[in-house]
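Summary of the model geometry
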Amino acid sequence: MDSFIASLKPQTIYLDGYDECSSILNIPFYFWYERTVPSDVLHNAFYKTLEEFPILAGRVKTGNDSRSYVVIDRNRLNMPEYTDAPCNVHFQTFKDADFDINMLPVDYSSACKSPAPPGIIGRCMKLAEFHVLRMKGGSGMCIFASISHMVFDGVAYSSFMKRWGEVAKCFLEAQEQYVLDVSIPAKHFQHDRSVLETDTQRSTDALEPEICEMFNSSTVFSRWVAWFSPELRGRIFRYMLSAPGISNYYYHLSTAGYERLVKLTQPFIEPGISGLSANDVISALATVLLAQALHKAGRLKGEAVVLSNIIADIRPRIKRLADANYVGNAILLKVVASPLDLLLGDCNPQVLAAVACNIRRAVDSLDERYCEQVGYLVNKNH
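This part covers the sheet that holds strand S4 (residues 68-72). Taking strand neighbours across the sheet as the criterion, the three strands line up as S1-S4-S3 in an open arrangement whose pairing is antiparallel. Edge strands, defined here as strands with exactly one partner in the open sheet, are strand S1 (11-14) and strand S3 (59-62). Here the average twist between neighbouring strands, direction ignored, is 30 degrees. The pairing of S3 with S4 spans four bridges and is classified as antiparallel. In the strand pairing of S4, Thr62 is matched with Ser68.

So, about helix H11 (residues 278-296). Under the 1.5 Å per step criterion, the end-to-end length of H11 is 27 Å for 19 residues, consistent within 8% with the ideal 27 Å. For H11, the full list of buried residues reads Asp280, Val281, Ser283, Ala284, Thr287, Val288 and Ala291. Taken down its axis, H11 places every buried residue within 160 degrees of arc, on the same side. For H11, the elements touching its buried residues are helix H10 (255-265), strand S8 (305-313), strand S9 (331-339), helix H13 (340-343) and helix H14 (349-364). Within two residues after H11, Gly298 carries a phi angle of roughly 75 degrees, on the positive side.

Here the focus is the packing of aromatic side chains. Counted by the stated rule, this structure contains 23 aromatic pairs. Seen in terms of ring centroids, Phe31 and Tyr157 are 6.3 Å apart; in terms of plane orientation they differ by 20 degrees. Their pairing is stacked. With a gap of 126 residues between them, Phe31 in strand S2 (residues 26-33) and Tyr157 in helix H6 (residues 154-176) connect regions that are remote in the sequence. Overall, Tyr157 belongs to the buried group, its relative accessible area being 2%. A centroid spacing of 5.2 Å and a plane angle of 45 degrees characterise the contact between Trp32 and Phe94, whose relative ring orientation is tilted.

Reading the values: rules and limits
- The residue numbering used here restarts from 1 in each chain and proceeds along that chain's sequence as written.
- Reporting of local features is limited, given that this is a predicted model, to residues whose pLDDT is at least 70; pairs of side-chain atoms are given and counted only at 80 or more, and all residues count toward the totals for whole chains, interfaces and linings.
- Based on all heavy atoms of the structure, the side-chain values leave hydrogens and waters out of the count.
- Strands were regarded as paired on the criterion that DSSP finds at least two bridges between them.
- Comment: elements are numbered from the N terminus, with helices defined as DSSP H or I runs of at least four residues and strands as E runs of at least two.
- For helices, the axis comes from a line fit to the C-alpha atoms of the stretch in contact; other axes are also lines fit to C-alpha atoms, and the angle between any two N-to-C directions lies between 0 and 180 degrees.
- Helix span, expected: 1.5 Å multiplied by one less than the number of residues in the helix.
- Only protein chains enter the calculation, and the probe is 1.4 Å; a residue is then buried if its accessible area is under 20% of its type maximum, exposed if over 50%, and partly exposed in between.
- To be clear, the arc concerns the directions from the helix axis to the C-beta atoms.
- Whether two residues are in contact is decided by their heavy atoms: any pair within 4.5 Å suffices.
- Each Phe, Tyr or Trp ring (for Trp, its six-membered ring) is paired with any other whose centre lies within 6.5 Å, and the angle between the two planes then decides the class: stacked below 30 degrees, edge-to-face above 60, tilted in between.

Right under this line is the structure:
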């Protein structure tokens, strides 16, 4: 930890409209491993990785203009929560139960959904928490990682976790070879939100009416909530999630499972579609299930299509973001219309392929101009 503190440079990172849109959420995932890494290796690798992601140790503040920013100050750090503890349940038991998180100790199964600060009013809001749980007899381990959506999107989250794994592998190999001086190739990750700014787009003519309405309209309630600090918004949202009648669910997706699902759709890929990704097929499955649930609840009367919002990463579509290795929020919603009669039939590979092809066409239509216009719209009133 000392080397991490020594590496810090005082800085202030101003958040943008993309960040504020997601500020009431955390990104929580459980990662299951059928092997273990020594505690000291994982812990040291964590702090080494944090040197490249210092924003996670910053404090969120709000200016008089209601704009939020993160202050990174080595004298007033807001370190992520990190724990490493044993569990008296064997990894195979979790595996047989399809990794049911309700079998985890309560501190680990009650995952943080919203970045509300713990404890008393005025307590600093943590931007990340990490819990390592080691299974009985060294049979495996589970890492729970929850990071505030205010500072990371899913792509940035994955960048952190992959980098942690890379660094841990370097430390582990050095330990196994009795090497004292660990050499880790440096990587640069861009946290400065100004890389998203552009002067080339001041129009929204390429955007769907639904997207424009989403960001241009407001209500008294939304303006009131926008006035709150991120901490207070987080507290309110966490309270809402714990209200009676609200249920939260986690889903276990195995690599083999979704690869098999993608393979089943391959014979039904439509002309002009070069291929379907796992995300296309999983998004299609979610669209079908949502439509059937809404229909069952009587919420789709008179509708011919179902509109769904598909998340897309804009980094590959805006070169300067890809070149900078940007790790803030850089995702947008693409509205996709799917025929209702297709969604209400049997959920078989042919139906999934048809919906997934529709999603793939919509995502492929996203170009730099569209993405820049969304960025302008998101930040116009920020």
